[in-house]
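Read off the chains here:
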Amino acid sequence: MATNPVENASETPSTPLSPSTPLTLLGLGAMGTALAGAWLAAGHPLTVWNRTAARAEGLAARGAAVAATAAEAVAANRLVVVCLLDDASVPEALDGVDLTGKDLVNLVTSTPAQARVRAAWAEERGARYLDGGIMAVPPMIGVPATGAYVFYSGSSELFEEHGATLAVPAGTRYVGADAGYAALHDVALLSGMYGMLAGIAHAFALVRGEAVAPSELAPLLGGWLAAMSGSVARTAEQLESGDYTQGVVSNLAMQVAGRQTLLSTAEEQGVSAELLEPYFRLMERRLEIGGGEEDLTGVVDLLRR
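Predicted, not measured: the structure shown is a model, and the values here were computed from it.

Some words on the overall build of the protein chain
1) Next: Regarding its fold elements, the protein chain presents 12 helices and 9 strands.
2) Next: Along the first, second and third principal axes, the C-alpha set of the protein chain runs to 65 × 50 × 35 Å.
3) Next: Looking at the 305 residues of the protein chain, the share that counts as buried comes to 42%.
4) Next: Sequence separation of 24 or more characterises 63% of the internal contacts of the protein chain that already satisfy a separation of 6 or more.
5) Next: Put simply, the protein chain has 18 plus and 33 minus side-chain charges, and the middle of one group is 4 Å from the middle of the other.

As structure tokens, this is what we get:
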């Protein structure tokens, strides 16, 4: 049976363990600039390139070498980190650039399929490849206390050799040799986040216009969501065991019966239920096929096409 890549993830703390490794960084947007600052602060010789050269001026004043072209930047160091706008920007910026013998780390936000294509593209050009999914915003980079980290997947040899350098701006979690796994984990976590944010938006909309201050509801809502987070582990256990009735606290039949109270309250408060209704429809479908005694885990199977 295949192992869970997260369970076997290799983690490296966000500490400057190898301050002498030189590297190149392509792309100086908000995230790229934050990454560059962290590596410079840790003593790494850094070569940078950006299509708009003016963005490199502040980093040059801090000791970064500024390359006139992407080819010049890549030639400067074996380790090359890419933090450009999107996947299409990578072959565009590196068109005609010799990647033979390079270690290419791609931190561009992409899909799993795009990452796999980019890995093959890099390998065809003689480079080792590592894909990354950054679980942080720029202000978190270089600040260990924030808990920022990056998912990495692809060449395990590249990760083992450069893991300490990559861990300087943010912690690292290696999730497998499949180059698409970093993006997969990144998007899975972000999807969960947006689902949570949808619920938060609906909750605040319900009390909007009432004599309930948002600041009064906030700690109650935050505490409730934290308490409910235990369902994440239970869902994982049920998916792996195949028994969706395992550890059920409030079964599907009961929750479907109770959904009308939430919908009626939204109508009374003049609030659209469009953020809740799609999930409730999936719950109803699962109940129709006989999952009344289950937890809500069966919804996962309905989402699979």
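Comments concerning the side chain of aspartate 103
1) Next: Along the chain, aspartate 103 falls in strand β6 (residues 103–106).
2) Next: A residue is classified by how much of its surface remains accessible, and aspartate 103, at 1% relative accessible area, is buried.
3) Next: Of the polar contacts made by the side chain of aspartate 103, one reaches the side chain of arginine 128; its length is 2.7 Å.
4) Next: Apart from the residues within four sequence positions on either side, aspartate 103 is in contact with Arg78, Leu79, Val80, Arg128, Leu158 and His162.

With respect to the packing of helix α7 (residues 181–207) against helix α8 (residues 214–228)
1) Next: It is at 11 Å that the axes of α7 and α8 come closest, and there the two elements cross at 145 degrees. Where α7 crosses over α8, the two elements pack in a sense that is right-handed. Here Met196, Ile200, Ala203, Phe204 and Val207 of α7 come into contact with α8, specifically with Pro214, Leu217, Ala218, Leu221 and Leu225.
2) Next: Taken together, the residues that form the contact of α7 with α8 break down as 10 nonpolar, no polar and no charged.

Quick look at the environment of alanine 93
1) Next: In this structure, alanine 93 sits in helix α4 (residues 89–93).
2) Next: In sequence terms alanine 93 and leucine 263 are 170 residues apart; their C-alpha atoms lie 51 Å from each other.
3) Next: The contact partners of alanine 93, leaving out residues within four places of it in the chain, are Trp49, Arg51, Ala70 and Leu84.

Some words on the packing of helix α10 (residues 252–268) against helix α11 (residues 277–288)
How two helices sit against one another is set out by the angle between their axes and by the gap between those axes.
1) Next: Relative to each other, α10 and α11 sit at 150 degrees, their axes nearing to 10 Å. The angle between α10 and α11 places the two elements in the roughly antiparallel class. The interaxial crossing formed by α10 with α11 has left-handed handedness. Residues Leu252, Ala253, Gln255, Val256, Arg259, Leu262 and Leu263 of α10 touch α11, and the partners they reach there are Glu277, Phe280, Met283, Glu284, Arg286 and Leu287.
2) Next: Grouping the amino acids of the contact of α10 with α11 by side-chain chemistry returns 8 nonpolar, 1 polar and 4 charged.

Definitions and limits used
- Residues numbered from 1 in each chain as written.
- Predicted model: local features only at pLDDT ≥ 70, side-chain atom pairs only at ≥ 80, totals over all residues.
- Heavy atoms only, no water.
- Helix = DSSP H or I, 4+ residues; strand = E, 2+ residues; numbered from the N terminus.
- Buried < 20%, exposed > 50% of the residue type's maximum accessible area, 1.4 Å probe, protein only.
- Contact = heavy atoms within 4.5 Å.
- Lys, Arg positive; Asp, Glu negative; His and termini not counted.
- Charge placed at Lys NZ, Arg CZ, Asp CG, Glu CD.
- Polar contact = N/O pair within 3.5 Å; in protein donor to acceptor, adjacent residues only side chain to side chain.
- Axes fitted to C-alpha atoms, helices over the stretch in contact; angles between N-to-C directions.
- Left-handed = near helix turned anticlockwise from the far one by under 90°.
- Nonpolar A, V, L, I, M, F, W, Y, C, P; charged D, E, K, R; others polar.
- Parallel < 35°, antiparallel > 145°, perpendicular 65-115°, else oblique.

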